[in-house]
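Reading the structure
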Amino acid sequence: MITIKEIANMLNVSTTTVSNVIHGKTKEVSPANVERIQKVLEEYDYMPNINARNLASKRSKIIGMVVKVNGRENPFKDQFFGELLGAVEDRVRSRGYNLMVYALNDVRQVQKFILSWNMDGLVTCGFVEGEIAYLQERYKKPIVIIDDYDTNDLEYCINIRLEDKKAVYEMTKYVIGCGHKKIAFLADNNINLDHQRFLGFCQAMEEAGLSGGEENFLKIRPGNGGGQNNLEELYERSFAYTAIVCSSDYYASMLLNTLQDRGRKIPDEISITGFDDVEYASLVRPALTTVRQDIQEKGQVAVDMLVKMLEGKPEDAETLVVLPTQMIIRDSVKKINN
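Described in the following lines is the structure provided in the data block. The structure presented is a predicted model; accordingly, all values stated were derived computationally and were not measured. (Residues numbered from 1 in each chain as written. Predicted model: local features only at pLDDT ≥ 70, side-chain atom pairs only at ≥ 80, totals over all residues. Heavy atoms only, no water.)

1. Points about the pairing of strand 3 (residues 121-125)
Taken across its five residues, strand 3 has five buried, putting it largely inside the fold. Neither face of strand 3 is exposed, since Gly121, Val123 and Cys125 on one face and Leu122 and Thr124 on the opposite face are all buried. In this structure, strand 1 (residues 62-68) lies alongside strand 3, joined through five bridges in parallel fashion. Pairing of isoleucine 63 across the sheet is with glycine 121, part of strand 3. (Buried < 20%, exposed > 50% of the residue type's maximum accessible area, 1.4 Å probe, protein only. Helix = DSSP H or I, 4+ residues; strand = E, 2+ residues; numbered from the N terminus. Pairing = 2+ DSSP bridges.)

If you want it as structure tokens, here you go:
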């Protein structure tokens with residue numbers, strides 16, 4: 001590959017002039033020289049040595065996205081994570097950085113990954129209580145945390161989340177308003193994000209004088225086959241309810257298909273709601289009533305906040321960003337007589 005020095009000698013200009021053109025700093029370079037240098041760069045398919053540039057600046061220009069699997073074989077089967085990853089990657093690239101993605105089950109696995117690549121900053125998703133604090137102790141650079149509830153006081157950290165409790169509270173009130181009294185909440189855990197959503201469910205149930213405690217928490221187990229190991233159990237338990245409020249569209253769609261495959265009619269016999277409003281929420285039949293969040297915006301805001309910290313503008317970065325939600329009414333909830 002041709003070098004900057006060789007190009008400079010070829011065109012009888014300084015190496016600084018060539019370097020300025022390569023990096024887009026053309027204000028002090030004559031238009032004629034810009035044109036000559038760019039022509040040579042194109043002719044020789046010149047590619048800048050990113051590693052050398054990063055070594056000189058002591059920056060890798062790499063942002064890591066770390067996704068906690070939490071027992072799932074592949075979290076990106078859930079369209080929420082796929083959309084979030086796409087939004088983060090697009091924004092990272094547009095801000096002049098490169099993205100590396102790592103999915104893990106154990107937070108201790110991440111230390112070697114982030115330190116080996118000297119990442120400038122991290123975006124995390126799916127971490128639960130105490131795990132971000134463990135990571136922060138070992139990684140003293142900026143972190144933007146998506147959907148975590150125990151990290152408000154950590155240094156160099158920004159939280160991006162929703163009004164999760166309020167969103168599920170309003171959805172549960174809607175289901176109750178449709179005449180349902182025997183309602184369950186379904187999630188794969190009762191900590192962190194899903195705990196907040198469960199609290200919203202319980203609040204709405206208690207305000208209506210209905211039972212909304214742990215006895216009405218249905219746990220779907222992720223893992224082999226995406227939770228296939230207890231779908232039969234959920235089918236049997238579904239007969240105790242007229243509606244189930246789910247923590248995600250992924251699980252709502254899985255439950256909807258499981259019940260319909262076994263002969264239950266939705267929403268005539270049992271109603272189901274989701275959370276996220278990913279694309280397939282409107283494609284399943286019946287189409288899901290759900291809570292919409294702007295996943296694209298969540299990913300973009302996460303990257304923007306991280307870049308502000310990386311570029312030395314922490315005063316412009318909020319420590320907590322709470323994004324809005326919207327209830328989307330479709331066909332999966334039936335209005336019944338009281």
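This is not the end of the story, as more comes after the structure.
2. Quick notes on the packing of helix 8 (residues 164-177) against helix 9 (residues 192-207)
At a minimum axis distance of 7 Å, the contact between helix 8 and helix 9 shows a crossing angle of 40 degrees. Here helix 8 is positioned oblique relative to helix 9, judged by the angle of their axes. When you trace helix 8 past helix 9, the crossing you get is right-handed. Residue-level contacts link Asp164, Lys165, Val168, Tyr169, Thr172, Lys173 and Ile176 of helix 8 to Leu193, Gln196, Arg197, Leu199, Gly200, Phe201, Gln203, Ala204, Met205 and Glu207 of helix 9. Residues belonging to the contact of helix 8 with helix 9 are distributed by class as follows: eight nonpolar, four polar and five charged. (Axes fitted to C-alpha atoms, helices over the stretch in contact; angles between N-to-C directions. Parallel < 35°, antiparallel > 145°, perpendicular 65-115°, else oblique. Left-handed = near helix turned anticlockwise from the far one by under 90°. Contact = heavy atoms within 4.5 Å. Nonpolar A, V, L, I, M, F, W, Y, C, P; charged D, E, K, R; others polar.)

3. Some remarks on the side chain of aspartate 188
Considering the arrangement of structural elements, one finds aspartate 188 in the loop between strand 6 (183-187) and helix 9. Of note is the side chain of aspartate 188, whose polar atom sits 2.7 Å from the side chain of asparagine 189. Side chain to side chain, aspartate 188 and tyrosine 251 meet in a polar contact 2.7 Å long. (Polar contact = N/O pair within 3.5 Å; in protein donor to acceptor, adjacent residues only side chain to side chain.)

4. Here's the deal with the environment of proline 324
Among the secondary structure elements, proline 324 is positioned in the loop between strand 11 (320-323) and strand 12 (325-328). Each C-alpha atom of the pair proline 324 and arginine 161 lies 9.0 Å from the other, and the pair is 163 residues apart in sequence. The contacts of proline 324, once residues within four sequence positions are left out, are Leu162 and Arg292.

5. A look at helix 7 (residues 131-138)
Looking only at helix 7, the buried set comprises Glu131, Ile132, Leu135 and Gln136. Looking straight down helix 7, one finds that the buried residues subtend no more than 130 degrees of arc, so they occupy a single side. (Arc of directions from axis to C-beta.)

6. Considering the sheet that holds strand 3
Across the sheet, which stays open at both edges, the six strands sit in the order 2-1-3-4-5-11 with parallel pairing between neighbours. One side of each edge strand has no neighbouring strand; the edge strands of this open sheet are strand 2 (98-104) and strand 11. Strand-to-strand twist in this sheet, taken as the mean axis angle between neighbours without regard to direction, amounts to 15 degrees. Strand direction decides the pairing type here: strand 5 (residues 157-162) and strand 11, joined by four bridges, are parallel. Across the sheet, residue leucine 162 finds its bridge partner in strand 11, namely leucine 323. Where helix 12 (residues 295-310) meets the sheet, its contacts fall on strand 1, strand 3, strand 4 (143-146), strand 5 and strand 11, and the angle it forms with strand 4 comes to roughly 160 degrees.

7. Topic: the pattern of salt bridges
Under the criterion given, the structure shown has 13 salt bridges. Close ionic contact of glutamate 89 with arginine 93 constitutes a salt bridge, the shortest N to O distance being 2.9 Å. Of the two residues, glutamate 89 and arginine 93 are both situated in helix 5 (residues 79-94); the distance of four residues between them amounts to about one turn of the helix. For lysine 298, the salt bridge goes to aspartate 147, with nearest N and O atoms at 2.9 Å. Note that lysine 298 is positioned in helix 12 and aspartate 147 in the loop between strand 4 and strand 5, a separation of 151 residues in sequence. The class for lysine 298 is buried, based on a relative accessible area of 0%. Each member of the salt-bridge network shares a partner with another, and the members are Glu89, Asp90 and Arg93. (Salt bridge = Lys/Arg side-chain N within 4 Å of Asp/Glu carboxyl O.)

8. Focus on the nonpolar core
Grouped together as the largest cluster of nonpolar side chains are 72 residues, with contacts concentrated most on Ile160, Leu186, Phe201 and Ile272. Looking at this core element by element, the count peaks at nine residues for helix 12. Beyond its immediate sequence surroundings of up to four residues, isoleucine 272 is in contact with Ile244, Cys246, Ala252, Leu255, Leu256, Leu259, Ile266, Leu288, Thr289, Ser332 and Val333. The next biggest cluster of nonpolar side chains, apart from the first, holds 16 residues, and it includes Val66, Val107, Met119 and Ile132. (Core = buried A, V, L, I, M, F, W, Y, C linked by side-chain atoms within 4.5 Å.)

9. Structural notes on the packing of aromatic side chains
All told, the structure shown has eight aromatic pairs when counted by the stated rule. Between tyrosine 235 and phenylalanine 239 the ring centres are 5.2 Å apart and the planes differ by 80 degrees, which places this aromatic pair in the edge-to-face class. In textbook terms, an aromatic cluster arises when at least three aromatic residues are bridged by ring pairs, as seen for Phe185, Phe198, Phe201 and Phe217. One residue, lysine 61, lies across the ring of tyrosine 97, its end atom 3.8 Å from the ring centre. (Phe/Tyr/Trp six-rings, centres within 6.5 Å; stacked < 30°, edge-to-face > 60°. Lys NZ or Arg CZ within 6 Å of the ring centre and 35° of its normal.)

10. Thoughts on the environment of arginine 330
Counting through the fold element by element, arginine 330 comes out in the segment after strand 12. You can call arginine 330 partly exposed: its relative accessible area is 22%. For the pair arginine 330 and leucine 288, spaced 42 residues apart in sequence, the C-alpha to C-alpha distance is 5.7 Å. Leaving out residues up to four positions away in the same chain, arginine 330 has contacts with Asp277, Ala281, Ser282, Ala287, Leu288, Thr289, Thr290 and Arg292.

11. With respect to helix 2 (residues 15-22)
Among all positions in helix 2, only Thr17, Val18, Val21 and Ile22 are buried. All buried residues of helix 2 fall inside an arc of 140 degrees around its axis, so they share one side. At the C-terminal side of helix 2, glycine 24 shows a positive phi close to 75 degrees.

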